[in-house]
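For reference, the chains in residue letters:
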Amino acid sequence: MKKITAVISAFLAFSLIFVLAACGNSSSKELSEKEITVGVTGGPHQQVMEQVVKLAKKDGLTIKLKVFNDYNQPNIALNDKDLDANSYQTLPFLKDQIKNKNYKITDVFKTVAFPMGIYSKKIKSLKDLKDGDKIAVPNDPANELRALQLFEKAGVIKLKKGAGITSTKRDVVSNPKHLKIIELDAAQLPAQLGEVTASAINTNFAMGAGLTVLKDSIFHEPLENNPYPNYFVVRTDNKNDKVVKQLKKYYQSKEVKAYIKKQFGGSVVPAW
């Protein structure tokens with residue numbers, strides 16, 4: 001009996017050590033204050049972060065940038081610890097990704113905003129829309145609602161009360177001019193602009209087609225206090241790390257703000 005008791009005790013002790021070791025391994029290591037890797041999408045997010053890299057380097061912090069060409073990979077890489085942070089997304093998009101994919105990541109500070117604009121090759125004002133005209137919007141959840149809200153703000157349509165991120169053209173409750181709402185991949189909207197009367201286009205794609213919000217759009221979101229700022233994102237376990245506070249200081253500096261205003265002419269604006 002004593003031998004059995006001793007075996008059981010030894011087994012329980014071993015199990016406890018194993019559990020404690022497993023718990024210890026699951027805890028996230030604090031991000032380095034000497035070198036980190038940040039994911040960005042190519043274009044303005046990359047350009048702005050390159051200015052942050054220069055400021056951080058003066059203080060001995062090396063920031064390595066990893067550039068992506070889609071909106072899904074940077075969050076996958078961050079959640080899988082292939083990145084330390086990323087900078088490229090709006091809060092609705094982030095929340096949708098967290099909800100659907102159970103990522104353990106979170107926003108930590110605002111970066112820039114890309115005011116969405118409505119563009120046209122056929123009319124100079126949305127007042128010139130005729131009965132039955134075609135208008136286009138992005139077909140992904142975060143951006144379709146944003147585009148529909150922009151047309152609503154312009155007085156073109158009206159959405160049902162409480163329309164959320166999953167809203168589509170089916171949630172339009174008032175359409176006096178019987179406009180045909182075409183849902184397209186966001187990246188294809190500039191190329192299809194000539195096929196519709198007006199189109200709401202994300203600024204990064206508009207810029208890629210040589211279009212700017214202030215010069216070319218016929219209606220756009222506000223530049224100041226834009227409702228869709230982008231955010232710097234880290235794993236949830238690292239949100240209070242010292243280096244995150246350093247990065248916020250660099251990003252939201254007067255030097256970076258001056259660069260944004262000079263470089264992008266209103267198509268990209270500081271969101272802090």
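Sequence order as written defines the numbering, with residues in each chain counted from 1. At least 70 in pLDDT is required for a residue's local features to be given in this predicted model, at least 80 for side-chain atom pairs to be given and counted, and no such filter applies to totals for whole chains, interfaces and linings, which use all residues. Remark: hydrogens and water are excluded; side-chain values derive from all non-hydrogen atoms of the structure.

Caption draft 1: Spatial organisation of the overall build of the protein. Along its length, the protein carries 9 helices and 13 strands. Each residue is placed in one exposure class: buried if its accessible area under a 1.4 Å probe, protein chains only, is under 20% of its type's maximum, exposed if it is over 50%, and partly exposed if it falls in between. Taking all 272 residues of the protein together, 43% fall into the buried category. Partitioning the intrachain contacts of the protein with sequence separation of at least 6 by distance along the chain shows that 75% fall at a separation of at least 24. Here, Shrake-Rupley sampling with a 1.4 Å probe gives the accessible areas, and only protein chains in the shown set may cover a residue. Accessible surface computed for the protein: about 14800 Å², of which carbon and sulfur atoms make up 53%. Comment: elements are numbered from the N terminus, with helices defined as DSSP H or I runs of at least four residues and strands as E runs of at least two. Residue contacts follow a heavy-atom distance rule, with two residues in contact if any of their heavy atoms lie within 4.5 Å.

Caption draft 2: Layout of the pairing of strand β6 (residues 134–138). The buried fraction of β6 amounts to 4 of the 5 residues, a majority that puts the element mostly inside the structure. Examined bridge by bridge, β6 and strand β9 (residues 180–184) share 5 bridges and lie parallel to one another. Paired with V137 across the strands is E183, a residue of β9. In this description, strands pair whenever DSSP reports at least two bridges between them. Two elements, β6 and strand β10 (residues 198–201), share 2 bridges in a ladder whose sense is parallel. Bridged to I135 within β10 is A198.

Caption draft 3: Region of the structure containing the side chain of S267. With respect to the element layout, S267 can be found in the loop between α9 (254–264) and β13 (269–270). Take S267: its relative accessible area is 1%, and that puts it in the buried class. Polar contact criterion, stated in full: a pair of N or O atoms within 3.5 Å, where within protein one must be able to donate a hydrogen and the other to accept it, and residues adjacent in sequence count only if both atoms are side-chain atoms. In terms of polar contacts, S267 uses its side chain to reach the backbone amide nitrogen of V213, at 3.4 Å. Those residues in contact with S267, other than ones at most four positions away along the chain, are A113, F114, P115, T203, M207, T212 and V213.

Caption draft 4: Quick peek at the nonpolar core. Residues V38, M49, I63, F232, L247, Y251 and I260 are the most contacted members of the largest nonpolar core, which totals 27 residues. Setting aside its immediate chain neighbours within four residues, I63 contacts I36, V38, M49, V52, V53, A56 and L247. Definition of nonpolar core: a set of buried residues of the types Ala, Val, Leu, Ile, Met, Phe, Trp, Tyr and Cys, connected through side-chain atoms within 4.5 Å. Listed in part, the 20 residues of the second largest apolar core include M116, I135, V137 and L159.

Caption draft 5: The arrangement of the packing of aromatic side chains in detail. Any two of the Phe, Tyr and Trp rings considered here, Trp counted by its six-membered ring, make a pair once their centres fall within 6.5 Å; the pair's planes then place it as stacked at under 30 degrees, edge-to-face at over 60, or tilted in between. Taken as a whole and judged by the stated rule, the model has 7 aromatic pairs. Seen from their ring centres, Y71 and F93 are 6.0 Å apart, and the 70° between their planes marks the pair as edge-to-face. Of this pair, Y71 sits in the loop between β2 (62–68) and α3 (73–79) while F93 sits in helix α4 (residues 91–101), placing them 22 residues apart in sequence.

Caption draft 6: Examining the sheet that holds β6 more closely. One open sheet holds the 5 strands; their spatial order is β9-β6-β10-β5-β11, and the pairing between them is mixed. Of all the strands in the sheet, the pair left with one neighbour each is β9 and β11 (219–220). Helix axes use the C-alpha atoms of the stretch in contact, all axes being lines fitted to C-alpha atoms, and the angles between their N-to-C directions lie in the range 0 to 180 degrees. Of the strands in this sheet, β5 (117–119), β6, β9, β10 and β11 are in contact with helix α5 (residues 141–153), which crosses β6 at around 140°.

Caption draft 7: Spatial organisation of the pattern of salt bridges. By definition here, a salt bridge exists when the distance from a side-chain nitrogen of Lys or Arg to a carboxyl oxygen of Asp or Glu is within 4 Å. Within this structure, the stated rule accounts for 5 salt bridges. Where E221 meets R146, a salt bridge forms, and the shortest distance between an N and an O atom there is 2.8 Å. Highlighted residues: E221 in the loop between β11 and β12 (229–235) and R146 in helix α5, separated in sequence by 75 residues. Overall, R146 belongs to the buried group, its relative accessible area being 5%. Here K160 and D171 are joined by a salt bridge, their closest N and O atoms 3.1 Å apart. Note that K160 is positioned in the loop between β7 (158–159) and β8 (172–174) and D171 in the loop between β7 and β8, a separation of 11 residues in sequence.

Caption draft 8: Representation of the sheet that holds strand β3 (residues 85–90) within the structure. With respect to topology, 6 strands assemble into an open sheet ordered β2-β1-β3-β12-β4-β13, the strand pairing being mixed. Pairing within the sheet leaves two strands with one partner each, and these edge strands are β2 and β13. Pairing of strand β1 (residues 35–41) with β3 involves 3 bridges; the strand directions are parallel. Bridge pairing in β3 places V40 opposite S87.

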